[in-house]
Amino acid sequence: MLLPRLIPCLDVDAGRVVKGIRFQGLRDAGDPVERAAAYAAQGADELVVLDVSATPEGRGHALQTVRAVRRVLPLPLTVGGGVRTPADAEALLEAGADKVAVNTAAVTRPGLLEELAARFGRQCTVLALDAARRDDGDGWEVVVRSGRDRTGIDAVDWAREAAGRGAGEILLTSWDRDGTGSGYDTELLAAIRAAVAVPIVASGGA
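Anyway, here's the lowdown on the structure attached to this text. (Residues numbered from 1 in each chain as written. Predicted model: local features only at pLDDT ≥ 70, side-chain atom pairs only at ≥ 80, totals over all residues. Heavy atoms only, no water.)

For the rest of this paragraph, the subject is helix H7 (residues 186–195). All of the buried residues in H7 are Leu188, Ile192 and Ala195. In an axial view of H7, the angular spread of the buried residues amounts to 60°, which keeps them on one side of the axis. Exposed residues lying more than 90 degrees from the buried face of H7 are Thr186 and Ala194. Packing partners of the buried residues in H7 comprise strand S7 (125–133), strand S8 (140–144), helix H6 (155–165), strand S10 (169–174) and strand S11 (200–203). The backbone nitrogen of Glu187 lies 3.2 Å from a side-chain oxygen of the residue at the head of H7, namely Asp185. (Buried < 20%, exposed > 50% of the residue type's maximum accessible area, 1.4 Å probe, protein only. Helix = DSSP H or I, 4+ residues; strand = E, 2+ residues; numbered from the N terminus. Arc of directions from axis to C-beta. Contact = heavy atoms within 4.5 Å. Polar contact = N/O pair within 3.5 Å; in protein donor to acceptor, adjacent residues only side chain to side chain.)

Structure, rendered in structure tokens:
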């Protein structure tokens, strides 16, 4: 069993770290290279960098950001955003990522998880699962395209399927808690934990 890890997550848009509330109202929060170096110095165990505008804009991840962060970061690095194919993932790994996270593309084509796991290994394949509580309060549904679209897909069912298809880790973000500072959605975390055996990174609300 892994010990608890502290893993800062940098949302990046146009080469700058951004922060918002429920993925909206993004404001500038600094340079990703400076933030990565600062978090490493403060004792982070790993780092996640997500290009939050790559998928909505229909482009790949900004590789120059990954390369720049890698140069100053002596920690494991997970990168996501704009990953649609194994070739996209390979480009991120060659730029310095240790693991690759996928969300929208995996929801659209779940077989992508199997392809990534077969080519790069489960330990390299991360499901970025953004979940929002349903309007009726009964469970959570998957949201994609940086929170823009609700899918109606049950988040717990999707986590279980994704783990079965090769996701070796889940980056679980509560859309409802994101940027609010109100604490993690521990009920969501417990529900996903009961469904899968792979490591889970809790995100949203810290």
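Here we take up the packing of aromatic side chains. Taken as a whole and assessed by the stated rule, the structure comprises 0 aromatic pairs. The cationic tip of Arg22 hangs over the ring face of Trp175; the distance from NZ or CZ to the ring centre is 6.0 Å. The positively charged end of Arg150 is found above the aromatic ring belonging to Trp175, 5.2 Å away from the centroid. (Phe/Tyr/Trp six-rings, centres within 6.5 Å; stacked < 30°, edge-to-face > 60°. Lys NZ or Arg CZ within 6 Å of the ring centre and 35° of its normal.)

Our focus in this paragraph is the packing of helix H2 (residues 63–72) against helix H3 (residues 86–95). A pair of packed helices is characterised by two quantities: the angle between their axes and the separation of those axes. In contact at an axis separation of 8 Å, H2 and H3 are set at 30° when each is read in the N-to-C sense. Comparing their axes, H3 and H2 come out roughly parallel. The residues of H3 that touch H2, namely those facing Leu63, Val66, Arg67 and Arg70, are Ala91, Leu92 and Ala95. Partitioned by chemical class, the residues of the contact of H2 with H3 number 5 nonpolar, no polar and 2 charged. (Axes fitted to C-alpha atoms, helices over the stretch in contact; angles between N-to-C directions. Parallel < 35°, antiparallel > 145°, perpendicular 65-115°, else oblique. Nonpolar A, V, L, I, M, F, W, Y, C, P; charged D, E, K, R; others polar.)

Our focus in this paragraph is the side chain of Asp11. One can find Asp11 in strand S1 (residues 9–13). Those residues within four positions of Asp11 in sequence are excluded, and the remaining contacts are Arg16, Val17, Val18, Leu50 and Val52.

Everything listed here is a matter of coordinates, which is why it stays silent on function.
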